[in-house]
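An overview of the molecular structure
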Amino acid sequence: MTDHITHDPIYNTAHRDDFPGMMNVDRYSARTDAFDAIISATHDHFWDPMDTAYLDFSSPFDLKNEYLMPRETFPELQSAVADKLNEGQQIHLANESTRWSLSGILHGEQGALSLSAGLCHILVDPGAQEYASNQTREEARHVTAFSRYIHTRWGKPYPVGEALGGLLTELVGAEEVYKKLVGMQMLVEGLAMGAFANFHAKTSDPLLKRLTQLVMTDEAFHHKFGKIWADKTIPKLGTEEHNRVEDWAAQCFETVLFNLINIRQKQVIYEQFGLEWEWVRDACREVFTDKDRRDTLKESTNIFRVLIKTLVNSGIITERTRPIYSHWVDMDQMEGENEDMIGYAIADEGIEYLKTINRGRKVIGQK
C-alpha cells in the first residue's frame with residue numbers, strides 16, 4: 001500500500017488479502033517496542049461487561065420520571081418545543097435523545113471494532129499487530145456493554161444516523177492507513193472521550209456513570225495509539241502529504257460538527273410526539289445560535305473541543321485550516337493548555353478501581 005502516508009516502518013502494511021506476506025520469516029523478528037507500554041497496560045484496565053463485579057445491569061432507573069442527563073443540555077427543551085409537551089413528555093423526549101446519542105456511540109464502537117480488526121490483517125509489524133488485536137478485543141466489549149445498557153433501559157438502539165453511518169463506513173473501508181488512524185484513532189476516539197467524559201460528569205444514572213468510566217480506561221489507550229502515529233509521522237511529512245492529512249482531518253471535523261447531532265438526524269425521535277422535524281429545527285434556531293454553539297465549545301467536556309485539541313496536540317493544524325477551528329474556539333488559548341486530554345484523569349481513576357476488583361482474581365489460564 002503506497003498511499004497510506006507514514007514515514008516509520010512500524011506502520012508498514014500488506015494488502016489485506018496477502019496472507020503469505022505475513023509468513024515472511026524476517027517479519028516475525030522485526031517487532032517494534034513503540035507500543036509495549038500500552039500493550040502491557042492492557043491487564044491494568046481489564047473488565048468484563050458480562051460480570052456483575054464490574055457492571056450490574058439490573059440496576060434500576062426510572063425513565064418515566066427522571067432525566068438521564070440534565071434538562072438544560074437539550075436545546076429542544078429550551079425552545080418552543082417544550083410548550084407543546086407536558087412534563088412527562090419532556091422527560092421522555094430528553095431520555096429518547098440520550099438513547100439516540102448512546103445508539104450513535106454503540107455504532108461508533110462497532111466501527112472501531114471493525115476497523116481495528118481490519119488493521120490486524122494489514123499491519124506488518126508484529127508489535128503494531130498485537131496492539132491492534134488488543135484494541136479489537138476491547139472494542140468488542142464496548143459493543144457488548146453499550147448493547148446491554150441500551151437493551152436494559154430501552155430494548156434496542158436507534159438506527160445509525162446518515163452522517164455518522166457514512167463516516168464510519170468510509171473509515172472502515174478506507175485503503176489509506178492515515179485515514180483510519182486520523183479519522184478513527186484520533187478524531188472518532190477523541191469524540192468518544194469527550195462524550196464519555198460528558199456523560200460521566202452529568203448523568204444521574206450510576207450505571208451509565210460507571211460504564212462510561214470503564215470504557216474510558218480503554219479509550220485513553222486507543223487514543224494514544226493514534227498519537228504515537230502522529231508523533232512519528234507528522235514531523236516528517238512533506239507539504240503535499242501534510243496538506244492531505246490536514247484537509248482530511250478538517251473534512252472529518254466539519255462532518256461531525258454540522259451533522260452529528262443536528263435536528264434532521266434526530267427526526268425519528270420527534271415523530272413520536274407528533275412534531276415535524278423542520279418545525280423543531282426552526283424553534284431550536286431561535287434559542288440556539290452559532291454564538292451559543294461557540295459558548296458550549298468552551299466546556300472542557302465538549303466533544304468538538306476535544307476533537308480540536310486532539311488535532312492541535314498532534315501538529316496537524318496549520319495556518320491553512322486554522323480559521324476553520326478558530327471560528328469556534330480560541331486557538332491561542334487552547335495551544336497554551338497542557339496536552340492532557342479530557343477523560344485521562346477519569347480513566348486513571350477507573351484503572352485504580354479495576355485494580356481493586358482484579359487483585360486476587362484468577363487470571364484465565366492460571367493454574
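Just so we're clear, the structure is a prediction, and the values are computed from it rather than from any experiment.

Digging into the overall build of the protein chain
Within the protein chain one finds 16 helices and zero strands. In terms of C-alpha radius of gyration, the protein chain reaches 21 Å, essentially the compact-globule figure of 21 Å for 367 residues. For the protein chain, the spread of C-alpha atoms along the principal axes amounts to about 70 × 55 × 40 Å. Put simply, the protein chain has 367 residues, and 53% of those count as buried. Restricting the contact set of the protein chain to residue pairs at least 6 apart, pairs at least 24 apart contribute 80%.

Brief notes about helix α11 (residues 277-287)
Looking at α11, one finds that the buried residues are W277, V280, A283 and C284. Seen along its axis, α11 keeps its buried residues to an arc of 120 degrees; they face one direction. Away from its buried face by more than 90 degrees, α11 exposes R285 and E286.

Brief notes about the confidence of the model for the protein chain
Looking at the protein chain, pLDDT values average 89 and 96% of them are 70 or higher. Put simply, helix α12 (residues 290-296) is where the protein chain has its lowest mean pLDDT, 74, and helix α5 (residues 126-153) is where it has its highest, 96.

Overview of the nonpolar core
In this structure, F35, W229 and I308 are the most contacted members of the largest nonpolar core, which totals 114 residues. Here this core takes 15 residues from helix α7 (residues 177-202), the largest share from any one element.

What about the packing of helix α4 (residues 87-122) against α5?
Put simply, α4 and α5 touch, their axes get as near as 8 Å, and they point 155 degrees apart. With respect to each other, α4 and α5 are oriented roughly antiparallel. α5 is crossed by α4, and the crossing has left-handed handedness. When its residues are assigned to classes, the contact of α4 with α5 shows 14 nonpolar, nine polar and two charged.

What about α5?
Relative to the 40 Å expected for 28 residues at 1.5 Å per residue, α5 spans 41 Å between its end C-alpha atoms, a close match to the ideal helical length. Of the residues that open α5, the one with a side-chain oxygen 2.7 Å from the backbone nitrogen of G127 is D125. Where α5 ends, the next residue or the one after it, G155, has phi of about 110 degrees, a positive value.

Observations regarding the side chain of D8
Within the fold, D8 resides in the segment before α1 (19-22). On the basis of relative accessible area, D8 is assigned to the buried category, the value being 12%.

Topic: the packing of aromatic side chains
If you walk through the whole model with that rule in mind, you get eight aromatic pairs. The interplanar angle of 85 degrees and the centroid separation of 5.9 Å between the aromatic rings of Y11 and F35 together place this pair among those described as edge-to-face. You can see Y11 sitting in the segment before α1 and its partner F35 sitting in the loop between α2 (25-29) and α3 (36-40), a full 24 residues away along the chain. The exposure class assigned to F35 is buried, which follows from its relative accessible area of 0%. Aromatic side chains F146 and F196 sit 5.8 Å apart centroid to centroid with 15 degrees between the ring planes, which places their arrangement in the stacked category.

Reading the values: the criteria
- Residues numbered from 1 in each chain as written.
- Predicted model: local features only at pLDDT ≥ 70, side-chain atom pairs only at ≥ 80, totals over all residues.
- Heavy atoms only, no water.
- Helix = DSSP H or I, 4+ residues; strand = E, 2+ residues; numbered from the N terminus.
- Rg over C-alpha atoms; globule rule 2.2 N^0.38 Å.
- Buried < 20%, exposed > 50% of the residue type's maximum accessible area, 1.4 Å probe, protein only.
- Contact = heavy atoms within 4.5 Å.
- Arc of directions from axis to C-beta.
- pLDDT = per-residue confidence, 0-100.
- Core = buried A, V, L, I, M, F, W, Y, C linked by side-chain atoms within 4.5 Å.
- Axes fitted to C-alpha atoms, helices over the stretch in contact; angles between N-to-C directions.
- Parallel < 35°, antiparallel > 145°, perpendicular 65-115°, else oblique.
- Left-handed = near helix turned anticlockwise from the far one by under 90°.
- Nonpolar A, V, L, I, M, F, W, Y, C, P; charged D, E, K, R; others polar.
- Expected span 1.5 Å × (residues − 1).
- Polar contact = N/O pair within 3.5 Å; in protein donor to acceptor, adjacent residues only side chain to side chain.
- Phe/Tyr/Trp six-rings, centres within 6.5 Å; stacked < 30°, edge-to-face > 60°.

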